[in-house]
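Okay, here's what each chain looks like letter by letter:
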Amino acid sequence: MIQLRSLTKRYGKFTAVDSIDLSVTRGEIFGFLGPNGAGKTTTLRMIAGILRPTAGTILIGDVDVVKDPLRAKAKLGYIPDRPFIYEKLTGAEFLRFVAGLYDQQGPDVEHRARELLGLFDLEEWRDELVESYSHGMRQKLIISSAFVHRPDVIVVDEPMIGLDPKAARILKDLFREYVTRGHTIMMSTHTLEVAETLCDRIAIIQGGTIRAEGTMAELRTQSEDGTERLEAIFLKLTGEEAQRHLMQVLDA
Ligand code: ATP
């Protein structure tokens, strides 16, 4: 459903994403992990059509994001890591506005918006201005906005940040139900427990290149004893220096 071929992004001479290839299949939750600055947000923003690749191809279904951005974006919902919401709209107005961007309006949209706001305990806030929402409430509203037009693919950058445990549980269940209905979700996360328990497949990126990719079972096979938790696999691939640096700092 999402195909990246030799996808590259350079900022001047710095290569943030270095010729990566990935395929995300219809009906799966795909986890995109990596240390800070690895290239996750850059990749997700290119998939969402917000950032133009330096080289390579991105396909959503059979639609090329660079050549046919409007058709590609019509298939997509994108939840950025730092979302922008119009403060002077109410929650209900914001969802109506987003659905309108995708040419959707009417009773179905109203019904879906009400259901989503109810799911995230925002029903009582639907007619309040977003400026009065807490950080977590804004996050729940922006997540709702990605579902309101029922896109084929949802691309989401760090969805769990700011959510309380109940909302995080609801979001995990919503993601699972959504892909069960034939949609596709690609998400970045630093929460390895979420990746381990929720994602069907995982890719680990570091320094702009893919270091490992597969199901949890496949990642375990690639690691030494085949029984490790994702944290151990992740740190082995990306952070084995961390312990040594810690000693250097403390002993300095
Ligand atoms: P984090 O987990 O910290 O959010 P990330 O994996 O999402 O990190 P990116 O935001 O994709 O990382 O950044 C990848 C690299 O590209 C980083 O080294 C970052 O400094 C660099 N970078 C990102 N945006 C720009 C920009 N506009 N100009 C120059 N360099 C940039």
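Just so you know, these numbers come straight off a predicted model, no measurement behind them.

Undergrad: Describe in detail the nonpolar core, supporting the description with residues and values.
TA: L141, F175 and I202 are the most contacted members of the largest nonpolar core, which has 50 residues in total. Counting residues per element, this core draws most heavily on helix α6 (residues 165-180), at 8 residues. In this structure, this core is formed jointly by two domains, domain 1 (2-75 + 152-251) and domain 2 (88-150), each of which donates at least three residues. If sequence neighbours within four positions are ignored, F175 has contacts with I29, F147, V156, P159, I185, M187 and L198. Ranked by size, the runner-up nonpolar core spans 27 residues in total, among them A38, I58, I60 and A203.

Undergrad: Report on the pairing of strand β2 (residues 14-24), specifying residues and quantitative values.
TA: Note that strand β1 (residues 2-11) and β2 share 7 bridges and pair antiparallel. Paired with L4 across the bridge in β2 is L22. Once β1 ends, the chain turns through 2 residues before running back antiparallel as β2, passing G12 with a positive phi of about 60°.

Undergrad: Account for the pattern of salt bridges, naming residues and giving values.
TA: What the rule picks out here adds up to 16 salt bridges. Notably, a salt bridge pairs E87 with R138, separated by 2.6 Å at the nearest N-O pair. Of the two residues, E87 is situated in the loop between β6 (76-79) and α3 (91-101) and R138 in helix α5 (residues 135-147); the sequence distance between them amounts to 51 residues. Looking at R138, the relative accessible area reads 23%, which means it is partly exposed. With its nearest N and O atoms 3.9 Å apart, the salt bridge here joins D127 to R126. When salt bridges that share partners are traced, they join E28, R201 and E213 into one network.

Undergrad: Give a detailed account of the side chain of K40, specifying residues and quantitative values.
TA: Take K40: it is sitting in helix α1 (residues 40-47). Apart from the residues within four sequence positions on either side, K40 is in contact with F32, L33, G34, P35, S188, H190 and I205.

Undergrad: Go over the site of the ligand with me, naming the residues and quoting the values.
TA: In the vicinity of the ligand, the contacting residues are Y11, F14, A16, P35, N36, G37, A38, G39, K40, T41, T42 and H190. Y11 places a polar side-chain atom, nitrogen or oxygen, 3.4 Å from a nitrogen atom of the ligand. One of the side-chain N or O atoms of T42 is found 2.6 Å from an oxygen atom in the ligand. In isolation the ligand exposes 640 Å². Once the protein is present, 58% of that is buried.

Undergrad: I'd love a proper account of the domain arrangement of the protein, names of residues and values included.
TA: You can read the domains of the protein as domain 1 (2-75 + 152-251) and domain 2 (88-150). Taking only C-alpha atoms, the centre of domain 1 and the centre of domain 2 are 26 Å apart. Contacts between domain 1 and domain 2 engage 18 residues on the former and 12 residues on the latter. Carbon and sulfur atoms supply 70% of the area buried between domain 1 and domain 2, which totals about 1,200 Å² over both sides. Summed over the shared surface of domain 1 and domain 2, the number is 1 salt bridge. Note that K166 is salt-bridged to D121, the shortest N-O span being 2.8 Å. Counting across the domain 1 and domain 2 interface gives 2 residue pairs in polar contact (both at pLDDT 80 or more). It is α6 that contributes the most residues to the side of domain 1 that touches domain 2, 7 residues altogether.

Criteria and thresholds
- Residues numbered from 1 in each chain as written.
- Predicted model: local features only at pLDDT ≥ 70, side-chain atom pairs only at ≥ 80, totals over all residues.
- Heavy atoms only, no water.
- Core = buried A, V, L, I, M, F, W, Y, C linked by side-chain atoms within 4.5 Å.
- Buried < 20%, exposed > 50% of the residue type's maximum accessible area, 1.4 Å probe, protein only.
- Helix = DSSP H or I, 4+ residues; strand = E, 2+ residues; numbered from the N terminus.
- Domains from an automatic or database assignment.
- Contact = heavy atoms within 4.5 Å.
- Pairing = 2+ DSSP bridges.
- Salt bridge = Lys/Arg side-chain N within 4 Å of Asp/Glu carboxyl O.
- Near = heavy atom within 4 Å.
- Polar contact = N/O pair within 3.5 Å; in protein donor to acceptor, adjacent residues only side chain to side chain.
- Areas by Shrake-Rupley, 256 points an atom, 1.4 Å probe, with all protein chains shown as cover.
- Buried area = accessible area lost by both parts, 1.4 Å probe.

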